[in-house]
Amino acid sequence: MSYTYTLWFAFFGLLIGHLPGAITGAVIGFIFDNLRYGQRKRATPEAGGFVGPLFTLLGAVSKSDGRVSEQEIAVAERLMTRMNLDAELRKQAVVSFNVGKQPEFDVSQTIIALRNWVGLRRDHAFPVLDVVIETVLAEGNPPPEKMAILHQLAFALRVSEMELMALMAMKGYAWNAGAGGSRSRGQAYGTGGGYAPPQRTAQGPDPYAVLGIDRNTDDRAVKRAYRKLISEHHPDRLGDLPEDMRKRAESRASEINAAYDRIKEMRGFK
């Protein structure tokens, strides 16, 4: 449990009322910390509760362009192995994947189920998105149908488009989401007005895209963006999620640290 409020209230109490004020402030702060801890604990997703809807969504993403490829099936199978699913959960994952790949399957309820499982835990939203992105990119530059589902999921999980672009950048992909004027959610347009899929970048992840900031962002804002990101993606916050998702968080944290180091080197600040 964090004792942030306890320390802050004790500090202000000390300034106002010396030792008695510090004790009173600490008590008040401790109450607030307990309330916040209780809310966070209630919001913690149930372990394993995401397997069904997650693999259903992966099946729907795979089928969204009309066919399920061997690469997409391989992604799902690798995920089952990396998540160390027991026989029962593996069977559930296979059945769910097959349900999702049925023609004209509506992903709305599945996305709602994932949103309900994530709840208030934004740090759990990113591993879920990371898994879906892996399927979206299984065949390379993704078609609009796959990106539409990915955008719908990100919107439901309260992940902004800039944050989604950062996750894609960590995979070595980039797209100009704002080019070409207006667009509907789930699409990215190029300068000619047509769909422009995220493209793999030959030079590796753009450090500014990884941090979700513009190149003209000042140094102080760069530091703020880095601190916010590394806090949200830190694997120690993930609780009892499967080891695969913890490793994904570790990988993202490494990418964020590497991007920040590159920007610091380019700009010459510490």
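Residues numbered from 1 in each chain as written. Predicted model: local features only at pLDDT ≥ 70, side-chain atom pairs only at ≥ 80, totals over all residues. Heavy atoms only, no water.

Trainee: Sorry, what's going on with the packing of helix 2 (residues 51–63) against helix 6 (residues 122–136) here?
Mentor: In a pair of packed helices, the angle between the axes and the distance between the axes together describe the arrangement. Viewed as axis vectors pointing N to C, helix 2 and helix 6 meet at an angle of 25°, and their least axial separation amounts to 9 Å. In this view, helix 2 runs roughly parallel relative to helix 6, as classed from their interaxial angle. Here helix 2 runs over helix 6; the crossing is right-handed. In this structure, helix 2 contributes Leu 54, Leu 57, Leu 58, Val 61 and Ser 62 to the contact, and helix 6 contributes Val 128, Val 131, Val 132, Thr 135 and Val 136. When grouped by side-chain class, the residues that make up the contact of helix 2 with helix 6 number eight nonpolar, two polar and no charged. (Axes fitted to C-alpha atoms, helices over the stretch in contact; angles between N-to-C directions. Helix = DSSP H or I, 4+ residues; strand = E, 2+ residues; numbered from the N terminus. Parallel < 35°, antiparallel > 145°, perpendicular 65-115°, else oblique. Left-handed = near helix turned anticlockwise from the far one by under 90°. Contact = heavy atoms within 4.5 Å. Nonpolar A, V, L, I, M, F, W, Y, C, P; charged D, E, K, R; others polar.)

Trainee: When you look at the packing of helix 6 against helix 8 (residues 161–170) in this model, what are you seeing that I'm missing?
Mentor: Two numbers describe how helix 6 lies on helix 8: the axes approach to 11 Å, and their chain directions differ by 50°. Classified by the interaxial angle, the pair formed by helix 6 and helix 8 is oblique. Judged by the twist between their axes, the crossing of helix 6 over helix 8 is right-handed. Contacts from Arg 122, Phe 126, Leu 129 and Ile 133 in helix 6 reach Glu 163, Leu 164, Leu 167 and Met 168 in helix 8. Across the contact of helix 6 with helix 8, the residue classes break down as six nonpolar, no polar and two charged.

Trainee: How should I be thinking about the nonpolar core in this particular structure?
Mentor: Among soluble globular proteins, nonpolar side chains are generally buried collectively. In this structure, Phe 55, Leu 57, Val 132, Leu 150 and Leu 153 are the most contacted members of the largest nonpolar core, which totals 41 residues. Looking at this core element by element, the count peaks at eight residues for helix 6. Excluding its chain neighbours within four sequence positions, the residues that come into contact with Leu 153 are Leu 57, Ile 111, Leu 114, Val 128, Leu 129 and Val 132. The next biggest cluster of nonpolar side chains, apart from the first, holds 17 residues, and it includes Ala 169, Tyr 226, Leu 229 and Ile 230. (Core = buried A, V, L, I, M, F, W, Y, C linked by side-chain atoms within 4.5 Å. Buried < 20%, exposed > 50% of the residue type's maximum accessible area, 1.4 Å probe, protein only.)

Trainee: Even after reading the chapter, I still don't get the pattern of salt bridges, so can you show me in this structure?
Mentor: Side-chain pairs of opposite charge can arise whenever the charged atoms involved come near each other. Applying the stated criterion to the full structure yields ten salt bridges. In this structure, Lys 146 and Glu 72 form a salt bridge, with 3.2 Å as the shortest nitrogen-oxygen distance. Of this pair, Lys 146 sits in helix 7 (residues 144–156) while Glu 72 sits in helix 3 (residues 70–82); the two residues are 74 residues apart in sequence, bridging distant segments of the chain. Each member of the pair Lys 146 and Glu 72 is classed as buried. A salt bridge links Glu 139 to Lys 146, with the nearest nitrogen and oxygen atoms 4.0 Å apart. (Salt bridge = Lys/Arg side-chain N within 4 Å of Asp/Glu carboxyl O.)

Trainee: What am I meant to see in the environment of Val 159 here?
Mentor: Examined against the element boundaries, Val 159 turns out to sit in the loop between helix 7 and helix 8. Each C-alpha atom, one on Val 159 and one on Arg 122, is 8.0 Å from the other, the two residues being 37 residues apart in sequence. If we skip the residues at most four places from it in the chain, Val 159 touches Arg 122, Ala 125, Phe 126, Leu 129, Ala 154 and Leu 164.

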